Amino acid sequence: EENGPEETLMGSGRLADRRPFDASELANLSITIEDFALALTKVQPSAQREGFTTTPEVTWEDVGSLTEVREELKFSVCEPIAHPARFQAMGLAVSTGVLLYGPPGCGK
């Protein structure tokens, strides 16, 4: 009898059993930095696959004009990262991203 695709991937041990792990099974379960290092030899982070690994060497001083837009971006992106406690103390939700749109060459 041929194994199904799930059984082939999961094997026939405890991982193939779909029941949740109980407390005794989870007690000794941990992921170490060595596990991550080993995984990195076998997978490629998505940022590297998609070509987003370059960081432009542009500073705020290089961005001319657009003072209001610059301040808005600083508040939406930089400040929550630099000072998360301030946002939490004021009960402000931290943005999950910023969508920049416009034609090529417009300064996005």
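Conventions adopted
- Residues numbered from 1 in each chain as written.
- Predicted model: local features only at pLDDT ≥ 70, side-chain atom pairs only at ≥ 80, totals over all residues.
- Heavy atoms only, no water.
- Helix = DSSP H or I, 4+ residues; strand = E, 2+ residues; numbered from the N terminus.
- Buried < 20%, exposed > 50% of the residue type's maximum accessible area, 1.4 Å probe, protein only.
- Areas by Shrake-Rupley, 256 points an atom, 1.4 Å probe, with all protein chains shown as cover.
- Phe/Tyr/Trp six-rings, centres within 6.5 Å; stacked < 30°, edge-to-face > 60°.
- Salt bridge = Lys/Arg side-chain N within 4 Å of Asp/Glu carboxyl O.
- Patch = residues over 30% accessible without salt bridge, like charges linked within 9 Å, V, L, I, M, F, W, Y side chains within 5 Å.
- pLDDT = per-residue confidence, 0-100.

Chemist: Mind showing me how you'd approach the overall build of the protein chain here?
Modeler: Within the protein chain one finds six helices and zero strands. Helices and strands in the protein chain line up, N terminus first, as α-α-α-α-α-α. When each of the 108 residues of the protein chain is scored for burial, the buried share is 3%. Surface summary for the protein chain: the accessible area is close to 10,000 Å², and the carbon and sulfur share equals 59%.

Chemist: What is the right way to read the packing of aromatic side chains from this model?
Modeler: The geometry of two aromatic rings is summed up by the distance between their centres and the angle between their planes. For the structure on display, the rule yields one aromatic pair. When the centroid spacing of 5.2 Å and the interplanar angle of 45° are considered together, the rings of Phe75 and Phe87 count as tilted. In this pair, Phe75 sits in helix 5 (residues 67-82) while Phe87 sits in helix 6 (residues 84-89), placing the two residues twelve residues apart along the sequence. Overall, Phe75 belongs to the partly exposed group, its relative accessible area being 46%.

Chemist: Could you clarify how one ought to interpret the pattern of salt bridges in this entry?
Modeler: Under the defined criterion, the tally for this structure stands at two salt bridges. Arg86 serves as the salt-bridge partner of Glu79, at 3.8 Å between the closest nitrogen and oxygen. On the basis of relative accessible area, Glu79 is assigned to the partly exposed category, the value being 28%.

Chemist: Whenever I open this one, a nonpolar patch on the surface confuses me. Can you help?
Modeler: A surface patch of nonpolar side chains, about 400 Å² in accessible area, is lined by Leu15, Phe21, Leu26 and Leu29. Note that Leu26 resides in helix 2 (residues 23-27). Assessed through its relative accessible area of 40%, Leu26 is described here as partly exposed.

Chemist: Just checking my understanding: could you explain the confidence of the model for the protein chain for this structure?
Modeler: Low-pLDDT stretches of the model should not have their predicted coordinates read in fine detail. Scored by pLDDT, the protein chain has a mean of 77; 79% of the residues are at 70 or more. Of all helices and strands in the protein chain, the one with the weakest mean pLDDT is helix 1 (residues 5-10) (51), whereas helix 3 (residues 33-40) scores best (89).

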